[in-house]
Amino acid sequence: EDTVARIAAGEVVERPASAVKELVENSLDADATRIDVTVEAGGTDLIRVADDGHGMSEADVRAAVRQHTTSKIESVEDLDSGVSTLGFRGEALHTIGSVSRLTVQSRPRNGGGAGTELVYEGGEIVSIGPTGCPEGTTIEIADLFYNTPARRKFLKTTATEFAHVNRVVTRYALANPSVAVSLTHDGREVFATTGQGDLQAAVLSVYGREVATAMIDVDAEGEQTNDGDLPPGPLESVTGLVSHPETNRSSPEYLSTYVNGRAITSSAIREGIMGAYDGQLGDRYPFVVCFLDAPGDAVDVNVHPRKREVRFDDDDAVRRQVEAAVEGALLEHGL
Ligand code: ADP
Ligand code: MG
């Protein structure tokens, strides 16, 4: 049974970046105003996420690594159908903890009690007891996949794994400018946002001055509200920043797009953005941080929990709306 759980964990936790995503989401859920992410060797040796969120009591810490859902994968045959429904609801820490050495240190915020340290290894509590620690939560994941060698072998180079981690942390940092987010790799600080700024300030911290000064405001609202900047379609608004066409990169990885606050990728959105630049980029890509708002039922949520690619009921309309929003912003700058 343990083996099956471990195989399942390996299927759901794809790589260090998937674990980082879960930890950062938990910190945001805990109302953190500061999240420090530290990784070593692309996250394969160590992932540490420290936050100043609401923290946990000893009982909360115990519950946090417990297996919550009852409909668990029972056999290897269930894996195929299982992984798509297992998702991560209430399961992330337990799942990650079954394929790593996990340490949780936590202390409730606002003097709400003493600190607790829990050491969890391969899905078992090794120790739990009081500890001195700051308010908030620090979670360490060491030696991911140490007990699933086949999965560990799937990992790419340190540089590639770190690139995935960087993408994940960048996406959350840009979407949450009011949270101070830092990322450190092998002792070197990669970026740190202040948590006191707007989107432009977050872009400055993450991508640097050259990019930040090249960003153009996008602020388009749907037809049903005031000016009706957007053609008909499911989107109610498209806001954010896109770069001047001269500030571009050869890779699409600097397109950060969000639907209802959730980081996603979508070919319709990508094509809409690229269409707005009308060939000015050649085969290159802009820097983009755009937030799309749509009523929930306009987004097909039936995607694999691990995947970020989203399809809309009407992809064509979304493409037209995004294109119009970005085109409008570029036009205002004579582009
Ligand atoms: P989920 O987030 O779906 O509830 P997780 O396994 O990610 O499941 O986390 C389990 C529980 O542990 C959370 O519901 C939360 O109560 C607690 N928890 C995890 N990380 C933190 C954190 N950084 N700060 C406070 N509580 C946390
Ligand atoms: Mg979670």
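Each chain carries its own residue numbering, running from 1 in the written order of its sequence. In the order they appear in the text, chains get letters beginning with A and ligands get numbers beginning with 1. Per-residue local features of the predicted model are confined to residues with pLDDT of at least 70, and side-chain atom pairs are confined, for both listing and counting, to 80 or more; whole-chain, interface and lining totals are unaffected and use all residues.

Caption draft 1: Representation of the pairing of strand S4 (residues 115-121) in the model. As defined by bridge partners, strand S3 (residues 101-107) adjoins S4 across six bridges and the pair is classed as antiparallel. Among the inter-strand pairings, Thr 103 is bridged to a residue of S4, identified as Val 119. By the convention used here, strands pair only if DSSP detects at least 2 bridges between them. Helix and strand labels come from DSSP, where a helix needs a run of H or I of at least four residues and a strand needs a run of E of at least two; each type is numbered from the N terminus. Across seven bridges, S4 lies against strand S5 (residues 124-131) in antiparallel orientation. Bridge pairing links Glu 117 to Gly 129 in S5.

Caption draft 2: Inspection of the confidence of the model for the chain at higher detail. Across the chain, the average pLDDT comes to 88, with 86% of residues at 70 or higher. A residue's pLDDT is the predictor's confidence in that residue, given on a scale from 0 to 100. Once C-beta atoms are placed from the backbone, any two residues with those atoms within 7 Å are in contact. Within the model, pLDDT remains below 50 along residues 69-88, and this stretch shows 28 contacts once partners closer than five positions in the same chain are excluded. We note a pTM of 0.90 for the whole complex and an ipTM of 0.99 for its interfaces.

Caption draft 3: Focus on the site of ligand 1. As a matter of local geometry, ligand 1 sits amid 16 residues, with Asn 26, Ala 30, Ala 64, Ala 92 and Leu 93 nearest to it. It is helix H2 (residues 16-29) that contributes the most residues to the shell around ligand 1, three residues altogether. Lys, Arg, Asp and Glu make up the charged group, whereas Ala, Val, Leu, Ile, Met, Phe, Trp, Tyr, Cys and Pro make up the nonpolar group; the residues left over, Gly among them, are polar. A class-by-class count of the residues in the shell around ligand 1 yields five nonpolar, seven polar and four charged. Any residue whose C-beta atom, as placed from the backbone, lies within 6 Å of a molecule or strand is termed near it.

Caption draft 4: Just the environment of Leu 204, in detail. Secondary-structure assignment places Leu 204 in helix H8 (residues 199-207). Each C-alpha atom, one on Leu 204 and one on Ala 50, is 23 Å from the other, the two residues being 154 residues apart in sequence. In this view, Leu 204 contacts Arg 209 and Ala 212; residues no more than four positions away in its chain are not counted.

Caption draft 5: Focus on the environment of Gly 272. Within the secondary structure layout, Gly 272 lies in helix H10 (residues 267-276). The class of Gly 272 is buried, set by 27 C-beta atoms lying within 10 Å. Remark: the alpha-carbon pair of Gly 272 and Val 318, spanning 46 residues in sequence, is separated by 7.7 Å. If sequence neighbours within four positions are ignored, Gly 272 has contacts with Val 318, Arg 319, Arg 320, Val 322, Glu 323 and Val 326. Put plainly, a residue is buried at 20 or more neighbouring C-beta atoms within 10 Å of its own, exposed at 12 or fewer, and partly exposed in between, counting only other residues' C-beta atoms, which are placed from the backbone.

Caption draft 6: Expanded view of H8. Of all the residues in H8, the buried ones are Ala 202, Val 203, Leu 204, Ser 205, Val 206 and Tyr 207. Contacts made by the buried residues of H8 are with helix H7 (158-175), strand S8 (188-192), helix H9 (209-212), strand S9 (215-221), strand S10 (237-243) and strand S15 (288-293).

Caption draft 7: Structural detail: the nonpolar core. Any nonpolar core is a set of buried residues, restricted to Ala, Val, Leu, Ile, Met, Phe, Trp, Tyr and Cys, that join up through C-beta atoms within 7 Å. Within the largest apolar cluster, 78 residues are counted, with the highest numbers of intra-cluster contacts made by Val 20, Val 169, Val 203, Val 218, Val 238 and Ala 325. When residues in this core are grouped by element, the largest group, eight residues, is from H7. Sequence-distant contacts of Val 238, defined by excluding residues within four places in its chain, comprise Val 218, Ala 220, Leu 230, Cys 290, Leu 292, Gln 321, Val 322 and Ala 325.

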